Amino acid sequence: MTTTENSTPMGFGRMHRKEDARFLRGRGHYVDDVNLPGMLHGAVLRSPHAHARVVSIDTSAAEAHPKVKAVITGQTLDGLDLAWMPTLSADVQAVLATDKVRFQGQEVAFVVADDRYAARDALELIDVDYEALPPVVDAQRALDEGAPVIRDDIDGKRDNHIFDWEAGDSGRTDEVFARADVVSAQDMLYPRVHPAPMETCGAVADMDPVTGKLTVWTTTQAPHAHRTLYALVAGLPEHKIRVISPDIGGGFGNKVGIYPGYVCAVVGSIVTGKPVKWMEDRSENLMSTSFARDYHMHGEIAASSDGKILGVRVKVLADHGAFNGTAQPTKFPAGFFSVFTGSYDIEAAHCAVTGVYTNKAPGGVAYACSFRITEAVYLIERLVDVLAFDLGMDPGELRMRNLLQPEQFPYQSKTGWEYDSGDYPRALTRAMEIAGYPELREEQKQRALAGDGTLMGIGISFFTEAVGAGPRKHMDILGLGMADGAELRVHPTGKAVLRLSCQSQGQGHETTFAQIVAEELGISPDDIDVVHGDTDQTPFGLGTYGSRSTPVSGGATAVVARRVRERAKIVASAMLEVSPDDLEWEKGRWFVQGDPDSGRTISEIALAAHSDLELPDGVEGHLDATCVYNPPNLTYPFGAYICVVDVDPETGQVQVRKFVAVDDCGVRINPMIVEGQVHGGLAEGIGMALMQVMAFDEDGNHLGGSFMDYLIPTSMECPTWELGETVTPSPHHPIGAKGIGESATVGSPAAVVNAVLDALKPYGVRHADMPLTPAAVWRALQNRPLRTDLAIT
Ligand code: MCN
Ligand code: CUM
């Protein structure tokens, strides 16, 4: 498609986002923009302790505040059987604490008042008597004999163990390890991080006392899933609940689950009979909403002396915080971590993951993670570099040696996944070409010989993602099928409206999904409205996460458009008085085979279909169609990233000088949006590799409650990205597309860390944990003499 970004392509291609018209003019409409007549405001009282018994809560002074309309505590909720809510991981989470508080920032009480300020003021009038308990902060100590038991609310629970889970074949793996020439082992931590979306979480709940219908405007990536959960939590029938997700200012996984504040807003509205708004502030978002990672990993990689990887063995301790939350299904509590063999042809692999409770905020999978693939990619890509270090081999060459070959697809991984398509060597070759890999290595060598005092590092990562949760064949994993619906209406004038279950938080769905319809039907994307984020207006589906919108809802959109095309064919055959079998489709119109001038455009057909004028008996009018799409498999996007850094050994300061990213997400609907997704993810990757960590002190005090303490990357830390692409279509997806939304976040941290460690190689440093802050880099270099032999090999 040859179009500029300013014109509208009739299908796939670059075009500016349709939603930019409102976003750039400040006309976006977010939850906090929802203001209803008589609306009240809620605020949450949070625990100052990481672990404490709640002895008593005195709310009388707060209730006496002239502007306070209600004070809700765990006790109030207990009476309504609402004090605990189910998580998506077969655990329960306290909506408001009754017995104990289990992390600093946990929700203890909810005040509803005339305005936000009064609600905040009244929090200070609530008197809570806590009896402090020793906290469990360190995941490594959580299973110690005699460790304080965090979840004594669970019947018979006497430790902090959540689950043991494993994947792969341990016997075969031990066997290949036994015959390997080299075994490299490394402990590594993927630290706890937070997605920190620009817009914090919030809800406006409005229970209509007359109709009994509850409307919740809320920051959710999955409106239909939230509706079902509200129905289960509140015991309301589903048709009496409407969940509306207006514009969302970034989600990154933070807005998948249900938070206590949402439930409190709902209860507040039921109790007061008025609409209630609750919006978090920044600290609340950072302290209490879904975090990511916190994976303590021990990896081992076995290889022959010439660098053929034979096996991988992994043990993980997963810190899930105080409640096991956010979609880590019972049967699959480590998510998709089992893709940890990555992009390599490995004979045998085994991993074992143990989950533990600690006195920290619950969550675990948020932050563009593809449900633990982030950790898996980091692990294998770091292990490959550790092996290269031990073998004295170039990490690029070692990867090339072991990548899966094109003819191995569809590839059955050693842990049970079927990679749909790929040409990995092509992607890595492309990245090396763009980066000028041999020249970079030469420059590095020359600089080492010149000894100019700074260190240059080149890091590679190659990743395979698995995205598009939904396939029935994986129902055993997720416990539920995840088909997405789509509805397409074509108006009499040939304009259209597409209704979807997925929900954009900045990914540009209003543009790209209109482009899919345009590609299939030849209606301009400008003439197609995309409606999402309202359960009363859109078909059911499980929402946007794990980069599933294009793989699943995108499939639904292509199929529904094809159904419309087939309906149009019947109408066209009536209009042209020929058999449907004699018609041929050309984008935008049906014509009689062999007579190209005979055609009827989709808008002519739409008009006829609605006016009935040319339709004989028996031909249904209208062109509208619906579809429920069950994807046959996940899609497996992949990519090759190369990062170049300069490190100052005196200060530990890392400067990312160059970053090359070659992504393959199959057919690209809108290359400009794809590149934007990659840019964002690369910035996040630099953030995680170099500066981000959600830290706690030994008492469980949260040390990252503001952007002064929890650092997110800015343009200052980012180089000019150099992007490339290869296109390997997904063989099973209707338009050959794979997801892209999380690829760069998943793939880039390892490239940055590998680059920094490549720079530190002359000092014999093989590994250091993220974030590689100046202090961490400086520490890694202490008491290590510079070895010129390592610098120039
Ligand atoms: N796309 C395309 N061609 C492809 C694949 C995707 O043009 N072959 C387009 C899509 O049509 C869509 C966008 O790229 O407009 C992202 O598509 P997809 O990979 O399907 O991901 P989702 O739409 O399902 O978005 C979810 C994903 C996740 S899980 C996180 S986390 C994340 C991410 O997207 N959060 C984001 N990217 C984000 N981007 C923004 N701006 N804000 C977030 O919160
Ligand atoms: Cu894991 S973050 Mo996204 O899947 O919403």
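The name given to the chain in an unreviewed UniProt entry is Carbon-monoxide dehydrogenase large subunit, with the source organism recorded as Amycolatopsis endophytica. Among the UniProt annotations of the chain, the heading Cofactor (unreviewed entry) holds the following wording: "Mo-molybdopterin cytosine dinucleotide".

## Some thoughts on the sheet that holds strand S7 (residues 107-113)
As a general point, the strands of a sheet are linked pairwise by backbone hydrogen bonds and lie either parallel or antiparallel. A sheet is described by the order of its strands in space; here seven strands give the open sequence S3-S7-S1-S14-S11-S12-S13, paired in mixed fashion. The open sheet has two edge strands, strand S3 (68-73) and strand S13 (241-244), and neither has a second partner. With direction set aside, neighbouring strand axes in the sheet form an average angle of 20°. Across six bridges, strand S1 (residues 40-46) lies against S7 in antiparallel orientation. Its bridge partner lying in S7, Ala-43 is registered against Val-111. Against the sheet, helix H4 (residues 116-123) engages S1, S3, S7 and strand S14 (276-279), with an angle of about 25° to S1. Helix H6 (residues 223-234) contacts strand S12 (214-218) and S13 of the sheet and is inclined by roughly 145° relative to S13.

## Considering the site of ligand 2
Inspection of the region around ligand 2 gives Gln-221, Phe-252, Gly-253, Val-256, Val-365, Tyr-367, Ala-368, Cys-369, Ser-370, Tyr-545, Gly-546 and Glu-742 as its neighbouring residues. At 3.3 Å from an oxygen atom of ligand 2 is found a main-chain nitrogen or oxygen belonging to Gly-253. Within the contact set of ligand 2, an oxygen atom lies 2.9 Å away from a side-chain nitrogen or oxygen of Glu-742. A class-by-class count of the residues in the shell around ligand 2 yields seven nonpolar, four polar and one charged.

## Focus on the packing of helix H17 (residues 671-690) against helix H18 (residues 743-760)
A pair of packed helices is characterised by two quantities: the angle between their axes and the separation of those axes. Close contact between H17 and H18 brings their axes to 7 Å; oriented N to C, the two are set at 45°. Taken together, the axes of H17 and H18 are oblique relative to one another. Where H17 crosses over H18, the handedness of that crossing is right-handed. Judged by residue contacts, Val-678, Gly-681, Leu-682, Glu-684, Gly-685, Ile-686, Met-688, Ala-689 and Leu-690 of H17 engage Ala-744, Thr-745, Ser-748, Pro-749, Val-752, Val-753 and Val-756 from H18.

## Observations regarding the packing of aromatic side chains
Across all of its chains, the model carries 21 aromatic pairs by this definition. With 5.0 Å between their ring centres and 45° between their planes, Tyr-424 and Phe-462 make a pair best called tilted. One end of the pair, Tyr-424, is in helix H11 (residues 424-435); the other, Phe-462, is in strand S21 (residues 455-464), and 38 residues separate them in sequence. One exposure class covers both Tyr-424 and Phe-462, and it is buried. Among the aromatic residues, ring-to-ring pairing joins Phe-336, Phe-371, Trp-417 and Tyr-545 into one connected group. The positively charged end of Arg-22 is found above the aromatic ring belonging to Phe-23, 4.8 Å away from the centroid.

## Some words on the sheet that holds strand S2 (residues 52-58)
The strand order across the open sheet built from three strands is S6-S2-S8, with neighbouring strands paired in antiparallel fashion. Only two strands of the sheet have a single partner each, and these edge strands are strand S6 (100-101) and strand S8 (127-132). When S2 meets S6, the two strands line up antiparallel, connected through two bridges. By the bridge assignment for S6, Ala-52 is matched with Val-101.

## Structural notes on the coordination of the copper atom of ligand 2
You will see that the copper atom of ligand 2 has only one donor from the protein, Cys-369 (SG), lying 2.1 Å away. For Cys-369, the position within the fold is in the loop between strand S18 (363-364) and helix H9 (373-391).

## Here's the deal with the pairing of strand S23 (residues 496-500)
Of all five residues in S23, five are buried, a share of seventy percent or more. Across the two faces of S23 the burial is the same, with Ala-496, Leu-498 and Leu-500 and Val-497 and Arg-499 all buried. For strand S22 (residues 484-490) and S23, the ladder comprises five bridges, and the chain directions are antiparallel. Looking at S23, one finds that Ala-486 is bridged to Leu-500. Hairpin connection between S22 and S23: a loop of five residues separates the two successive antiparallel strands, and Gly-494 in this loop has a positive phi of roughly 90°. With four bridges joining them, S23 and strand S24 (residues 528-531) adopt parallel strand pairing.

## Examining the UniProt feature "domain: Aldehyde oxidase/xanthine dehydrogenase a/b hammerhead" (unreviewed entry) in the chain
Here the UniProt feature "domain: Aldehyde oxidase/xanthine dehydrogenase a/b hammerhead" (unreviewed entry) sits at residues 25-134. Across residues 25-134 one finds 17% helix and 37% strand; the C-alpha atoms that close the span lie 51 Å apart.

## What to know about the packing of helix H10 (residues 395-402) against H11
Running from N to C, H10 and H11 cross one another at 160°; their axes reach a closest spacing of 10 Å. The angle between the axes of H10 and H11 places the two elements in the roughly antiparallel class. Judged by the twist between their axes, the crossing of H10 over H11 is left-handed. Judged by residue contacts, Gly-396, Arg-399 and Met-400 of H10 engage Pro-425, Leu-428, Thr-429 and Met-432 from H11. Looking at the contact of H10 with H11, its residues break down into four nonpolar, two polar and one charged.

## Considering the domain arrangement of the chain
Interfaces are often described in size by the accessible area the parts lose on coming together. In terms of domains, the chain is made up of domain 1 (34-133 + 198-250 + 255-288), domain 2 (378-468 + 635-791) and domain 3 (484-629). The C-alpha centroid of domain 3 is placed 41 Å from the C-alpha centroid of domain 2. In this complex, domain 2 contributes 17 residues to the contact, which on the side of domain 3 involves 20 residues. Summed over both sides, the interface of domain 2 with domain 3 buries roughly 1,300 Å², with 63% coming from carbon and sulfur. A per-residue breakdown of the area domain 2 buries against domain 3 is headed by Gly-468, Ile-669 and Pro-734, which together make up 39% of the total. Here domain 2 and domain 3 share zero salt bridges between them. Across the domain 2-domain 3 interface, the total number found is seven residue pairs in polar contact (both at pLDDT 80 or more).

Criteria and thresholds
- Going along each chain's sequence as written, the residues are numbered from 1 onward.
- The naming scheme follows written order: chains are lettered A onward, ligands numbered 1 onward.
- Local features are withheld for residues below a pLDDT of 70 in this predicted model, meaning they are given only at 70 or higher, and side-chain atom pairs are given and counted only at 80 or more; totals for whole chains, interfaces and linings count all residues.
- Excluding hydrogens and water, the side-chain figures rest on all heavy atoms present in the structure.
- UniProt positions are given in the numbering used here, feature names are shortened, and annotations may be inferred rather than shown by experiment.
- By definition, two strands form a pair when at least two bridges between them are found by DSSP.
- Helix and strand definitions here come from DSSP, where helices need a minimum of 4 consecutive H or I residues and strands a minimum of 2 consecutive E residues; each element is numbered from the N-terminal end.
- Here the axes come from fitting lines to C-alpha atoms, over the contacting stretch only for helices, and the angles between their N-to-C directions go from 0 to 180 degrees.
- Whether two residues are in contact is decided by their heavy atoms: any pair within 4.5 Å suffices.
- For this description, a residue counts as near a given molecule or strand if any of its non-hydrogen atoms is within 4 Å of it.
- For the purposes of these results, a polar contact is taken to be a pair of N or O atoms within 3.5 Å, where, inside protein, one atom must be able to donate a hydrogen and its partner to accept one; residues adjacent in sequence count only when each atom of the pair is a side-chain atom.
- Classification used: nonpolar for Ala, Val, Leu, Ile, Met, Phe, Trp, Tyr, Cys and Pro, charged for Asp, Glu, Lys and Arg, polar for all others including Gly.
- Oblique is the label for any angle not under 35 degrees, not over 145, and not in the 65 to 115 range, which are roughly parallel, roughly antiparallel and roughly perpendicular in turn.
- Crossings are assigned a handedness: left-handed for a near helix turned anticlockwise from the far helix by less than a right angle, right-handed for a clockwise turn.
- Stacked, edge-to-face and tilted labels apply to pairs of Phe, Tyr and Trp rings (six-membered ring for Trp) whose centres lie within 6.5 Å, assigned for plane angles under 30 degrees, over 60, and everything in between, in that order.
- Exposure classes here rest on a 1.4 Å probe applied to the protein chains alone. A residue is buried below 20% of its type maximum, exposed above 50%, and partly exposed in between.
- Counted as over-ring charges are cases with an Arg CZ or a Lys NZ within 6 Å of the ring centre that also lie within 35 degrees of the ring normal.
- For Na, K and Ca the donor cut-off is 3.2 Å, while for other metals it is 2.8 Å, and in both cases only N, O and S atoms qualify; water is not among them, so sites may look incomplete.
- Residue ranges assigned to the domains are those given by an automatic or database domain assignment.
- Here the buried area means the combined drop in accessible surface, using a 1.4 Å probe, for two parts upon being joined, counting both sides.
- The working definition used for a salt bridge is a side-chain nitrogen of Lys or Arg within 4 Å of a carboxyl oxygen of Asp or Glu.

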